[in-house]
Amino acid sequence: MKIEVLRIGQRLVRDDRVTTHVALVSRAFGASKILMYDANPEIKDTVAKVNKMWGGRFEVEIIEEWRKVLRAKKSDSYKVVHLTMYGEDINAVQELLRKEDKILVVVGAEKVPREVYDEADYNVAVGSQPHSEIAALAILLDRIQDGVQFQRKVSGGRREIVPTKKGKRVIDKTSP
Ligand SMILES: C[S@@+](CC[C@H](N)C(=O)[O-])C[C@H]1O[C@@H](n2cnc3c(N)ncnc32)[C@H](O)[C@@H]1O
């Protein structure tokens, strides 16, 4: 399954830390790209450094017009999955989502325009209480991939973690 994430909403500029975390969760939980606008370009550098250190080719694309992107992805057969506390219960739709080939997950910042609810193929709630786009995104990505995202080999990094019961084991791939 190919998964991309679109972050929209107002006041993105003042929300750098959350935007960075949305990008890092997207990367670590198996999405291939995040598309965002009005974001601090340093976020792109931060993610590039994480890729260099820990591998993979996760992309950050700074876009101009999210409406155009939404339309383009829809005509490229992506299913739009909008995360909102007003949506359908994730428990009820996760099986359907797992069958999709290409998904564009839309996460909001402050206020999300009404048209996103209308354009979405699925409006999905991770519980019907307000919380965080970071938490909602992590749970959605995990539910639709059923944990398999963590078994994937992320290649090309300088370092690789060896999971251990205690302490830290890290392979330095740059040393001969
Ligand atoms: C701080 S919340 C904003 C909530 C705000 N009331 C709204 O939707 O306009 C930011 C984003 O977190 C996500 N979110 C928050 N709670 C959620 C929930 N229970 N289920 C799914 N997504 C949620 C949504 O993507 C939302 O746009």
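Just so it is clear, the structure is predicted and the values come from calculations on it, not from any experiment.

Attention now goes to the pairing of strand β4 (residues 79-89). In this sheet, strand β5 (residues 102-108) lies alongside β4 in parallel orientation, the contact comprising four bridges. Residue pairing across strands places K79 opposite I103, the latter belonging to β5. Handedness of the crossover joining β4 and β5 through helix α4 (residues 90-98) is recorded here as right-handed. Pairing between β4 and strand β6 (residues 122-125): five bridges, direction parallel.

All right, on to the site of the ligand then. Around the ligand, the surrounding shell holds 16 residues, and the nearest of these are L83, M85, G108, E133 and A136. Breaking the shell around the ligand down by element, the ones donating at least two residues are β4, β5 and α6 (133-145). It is β4 that contributes the most residues to the shell around the ligand, three residues altogether. By residue class, the composition of the shell around the ligand is eight nonpolar, six polar and two charged.

With that settled, consider the nonpolar core. Counting 38 residues, the largest nonpolar core has L83, V105, V106, L137 and L140 as its most contacted members. In this view, V105 contacts I3, V5, V81, L83, L137 and L140; residues no more than four positions away in its chain are not counted.

Pairing is parallel in the open sheet, where six strands are placed in the order β3-β2-β1-β5-β4-β6. Looking at strand neighbours, the two that pair on one side only are β3 (59-62) and β6, the edges of this open sheet. Across the sheet, the axes of successive neighbouring strands diverge by a mean angle of 30°, strand direction being ignored. Contacts from helix α1 (residues 16-28) reach β1 (2-8), β2 (33-36), β3 and β5 within the one sheet, and its direction differs from that of β2 by about 155°. Its contacts with the sheet place helix α3 (residues 66-75) against β1, β2, β4 and β5, and it is angled at close to 160° to β1.

What counts as what
Residues numbered from 1 in each chain as written. Predicted model: local features only at pLDDT ≥ 70, side-chain atom pairs only at ≥ 80, totals over all residues. Pairing = 2+ DSSP bridges. Helix = DSSP H or I, 4+ residues; strand = E, 2+ residues; numbered from the N terminus. Right-handed = clockwise from strand over helix to strand, strands pointing away. Near = placed C-beta within 6 Å. Nonpolar A, V, L, I, M, F, W, Y, C, P; charged D, E, K, R; others polar. Core = buried A, V, L, I, M, F, W, Y, C linked by C-beta atoms within 7 Å. Buried ≥ 20, exposed ≤ 12 C-beta atoms within 10 Å, placed from the backbone. Contact = placed C-beta atoms within 7 Å. Axes fitted to C-alpha atoms, helices over the stretch in contact; angles between N-to-C directions.

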